[in-house]
Amino acid sequence: MRQYGSIKWFGGFRRNDRGERIENHFGFIQRPDQEDLYIHKNDLLTSPETLREGIIVTFEIGENRGKEKAERLNILDDEEDKDVLTSVFFDPAPTFFESALAKLAPLLTKEKGAELAHEKLTQLKHHEVGVKRLMKRLPSEWVVHDKRLWSYLDPGEVFDEIIAVWDESTDWHEELATIAQEKLFTTKDFDRIPISLYEVEDIRRHFSPMLQIQGLLALIRKRRKPVTYKKIIRGLIREADNPLNMWKLLPTDLLKEEPFWPHAPKELMIPLLRDEHLTDEVISQCEGWVEEADGDVGKSMLVSRLPQSFQKNPSFFLYVPGPHQVELMWERLLLNPLDVWEELSYEGKAFAIYRHAKEHRQMDSINEIGRRESSKILKAMLLFLYAASESRAVGRNLFKRAHAYIQEDILDMAQDMSRDVNVSPLLPSCSERVVKHCEGVYWDATDYETNEKVTKIFCPRTKSECPAWSKVTRRGAILRADQTKDYRDWSLHELLSYSSVTPELPDLQDPSEYVNKLSGWVNRIREIRERLKCSGCKTYMTNNFTYAKELARYRSTVVNCSSSEKGPHDTNVYLNHCWGCNEVIDSRESPVRIDGYYICQGCGSGPQKHKTYRQGTRCPKCAGHDMQQTSSDGRTYQCQDCSHIIRIPPWFRLTGSSE
């Protein structure tokens, strides 16, 4: 009977009696629980070069001079004797049973192999590492055949073993269903699961919803019950808490089919919409998306992604940005302005007027449109458009009417606290967003490098040069008309220039400053409105904005909270704009007065022509007189009592005496 062992050493070199180096043709074998065994080159069935230290060999026992020796020695990889391979397999050394297993597997039936594996595992039951090493190397056929071996694996590993020997005729559905209950299979397991398993509901329902959808989609691609599986997918998506990722698994062509169309999320469906999809069902779906969008801006952004045929639909048209409304309806507007005008939004109507002016077109039926129009600002814009074809004398009268319309509309908005004071796109925007509308004015200054007189743009709100204005790019503050601009960038500057109307008002010295003074007036009204909330109940206090007419700064007024609710309320609140720094003076913040005038918290200004009071000599917060300069330019002061800081106006706006 053949035995086994491992090479202790073989070959090498030694010195003979004459000191010559000669090659060894022998070696020794280590045997389990026995003495080492001699082996000579003449007794090999394999090449001597294969007999490396530690390699497992099989052999028969012979005799040499009364001692045992190995004969007919071979390496384990070339051994075919199942009995000796089995003996090696049951050797406790891991390297022995691992090497023998690789040779035994092809020689044994799955029944015999499973039985041997069970015996070996029993032998290794106290050696956890050995069990794991063996289970990793057992053929899947052996493991699947004998359920006793399953106890050494977790459910996922058993599943893998079954899948490894899977074919369409295999009936392991019940076992797989049980395993699937114990282990959650997710999308990362998709590639290892046979597609036919997704057809077995008892197995599939234990997979994650995302994995189920992936498998069902694979079945649909193979034309296996596509209608049924589409309905199952739709049900999985409907029941999900966060279905968007599930929808994203569906290919584009499938999204267009029942039962998915038109129920897919807007992120996926909108790019697929075409003119032919303009049906009541799809419109209803889109209406729901628009309703859910965040505010008018969100609704407008969503509608802008819809096809043009959808944007023209009344359900969505009012959310289309004004310039795009004009693009969509321009041809119709030229042919039938009366009907189309009513379909446009406020912004759309404004840009329609700008485009008529840009293209030097007079609007048909302009008088009737103006008569029907309810927005006074739009009425004013129509008057400016109409004035382009009239004489200068008529233009002057039209300007007066238009200015009155603009003023009345702004005051109406100011007094309606539920509305924003929004006059865009009539007035130019502030590119730096310091305020809503640009108030810039031209400013003759000296260039510090060349010492030459230069014209700059002064911002009354920052009290410095407009940081965005560039003489090269002409970007930043907008003080003059530029009719070469795209009509979508127009404002009242360009419309007045087109109409050839010269603004004339009692307090307007330079007609070219009309638009930006109007902007400043609107900005101040917006600021005052922000101050009109009662600090106690947060409701708006009543006020009469008509005192703010004729582009003056907001004139002083006293407001009271009219709420009847219990609790503290603001009364006799004084509001004004500081003449020194243009900031709002609020008596709730500025308790200190000079000759009845509240001192500005920002710059310390009091009465404009006071002969003795000077900014920086008294704290507007605590009325303290200990004010110290804290800046090199001498304009910043800090109260030493309450630490309040002010920045006094430039020298030409200082009052009183410096002494």
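The following refers to the structure shown. Bear in mind the structure is a predicted one, so any value in this text is a computation, not a measurement. (Residues numbered from 1 in each chain as written. Predicted model: local features only at pLDDT ≥ 70, side-chain atom pairs only at ≥ 80, totals over all residues. Heavy atoms only, no water.)

## Looking at the packing of aromatic side chains
The criterion, for reference: Each Phe, Tyr or Trp ring, with Trp reduced to its six-membered ring, pairs with another whose centre is within 6.5 Å; inter-plane angles below 30 degrees give stacked pairs, above 60 give edge-to-face pairs, and intermediate values give tilted ones. Every helix listed is a DSSP run of H or I at least four residues long, and every strand listed is a run of E at least two residues long, numbered separately from the N terminus. Remark: exposure states derive from per-residue accessible area (1.4 Å probe, protein chains only) relative to the maximum for the residue type, with buried under 20%, exposed over 50%, and partly exposed in between.
Applying the stated criterion to the full structure yields 17 aromatic pairs. Between Phe26 and Tyr38, the aromatic rings sit 5.8 Å apart at their centres with planes inclined by 25°, giving stacked as the arrangement. Within this pair, whereas Phe26 is found in strand E4 (residues 26-31), its partner Tyr38 is found in strand E5 (residues 34-40), the two being separated by 12 residues in sequence. By relative accessible area, Phe26 is classed as partly exposed at 21%. Relative to Phe185, the ring of Phe159 has its centre 4.4 Å away and its plane inclined at 45°; by these criteria the two rings are tilted. You can see Phe159 sitting in helix H6 (residues 155-164) and its partner Phe185 sitting in the loop between helix H7 (173-182) and helix H8 (201-204), a full 26 residues away along the chain. An identical accessibility class is assigned to Phe159 and Phe185; each is buried.

## Some details on the sheet that holds strand E11 (residues 557-559)
Counted only if it meets this: We treat two strands as partners when DSSP finds at least two bridges between them. Working convention: axes come from line fits to C-alpha atoms, limited for helices to the stretch in contact. Angles between N-to-C directions cover 0 to 180 degrees. For this analysis, residues touch if any pair of their heavy atoms sits within 4.5 Å.
The strand order E11-E12-E13 describes an open sheet built from three strands, whose pairing is antiparallel. The sheet terminates laterally at E11 and strand E13 (584-586), the two strands that pair on one side only. In this sheet, adjacent strand axes meet at a mean angle of 25° when their direction is disregarded. One ladder, built from three bridges, connects strand E12 (residues 573-577) with E13; its direction is antiparallel. Bridging across to E13, Leu575 finds its partner in Asp586. Seen against the sheet, helix H25 (residues 514-530) touches E12 and E13 and runs at an angle of roughly 160° to E12.

## Some thoughts on the packing of helix H20 (residues 346-358) against helix H22 (residues 376-387)
The test is simple: Oblique is the label for any angle not covered by the other classes, which are roughly parallel (under 35 degrees), roughly antiparallel (over 145) and roughly perpendicular (65 to 115). When residue character is reported, Ala, Val, Leu, Ile, Met, Phe, Trp, Tyr, Cys and Pro are called nonpolar, Asp, Glu, Lys and Arg charged, and the others, Gly included, polar.
Viewed as axis vectors pointing N to C, H20 and H22 meet at an angle of 10°, and their least axial separation amounts to 10 Å. Between H20 and H22, the angle is such that the two are roughly parallel. For the pair formed by H20 and H22, the contact residues are Tyr346, Lys349, Ala350, Ile353, Tyr354, His356 and Ala357 on the first element and Ile377, Leu378, Met381, Leu382 and Leu385 on the second. Partitioning the contact of H20 with H22 into residue classes produces 10 nonpolar, one polar and one charged.

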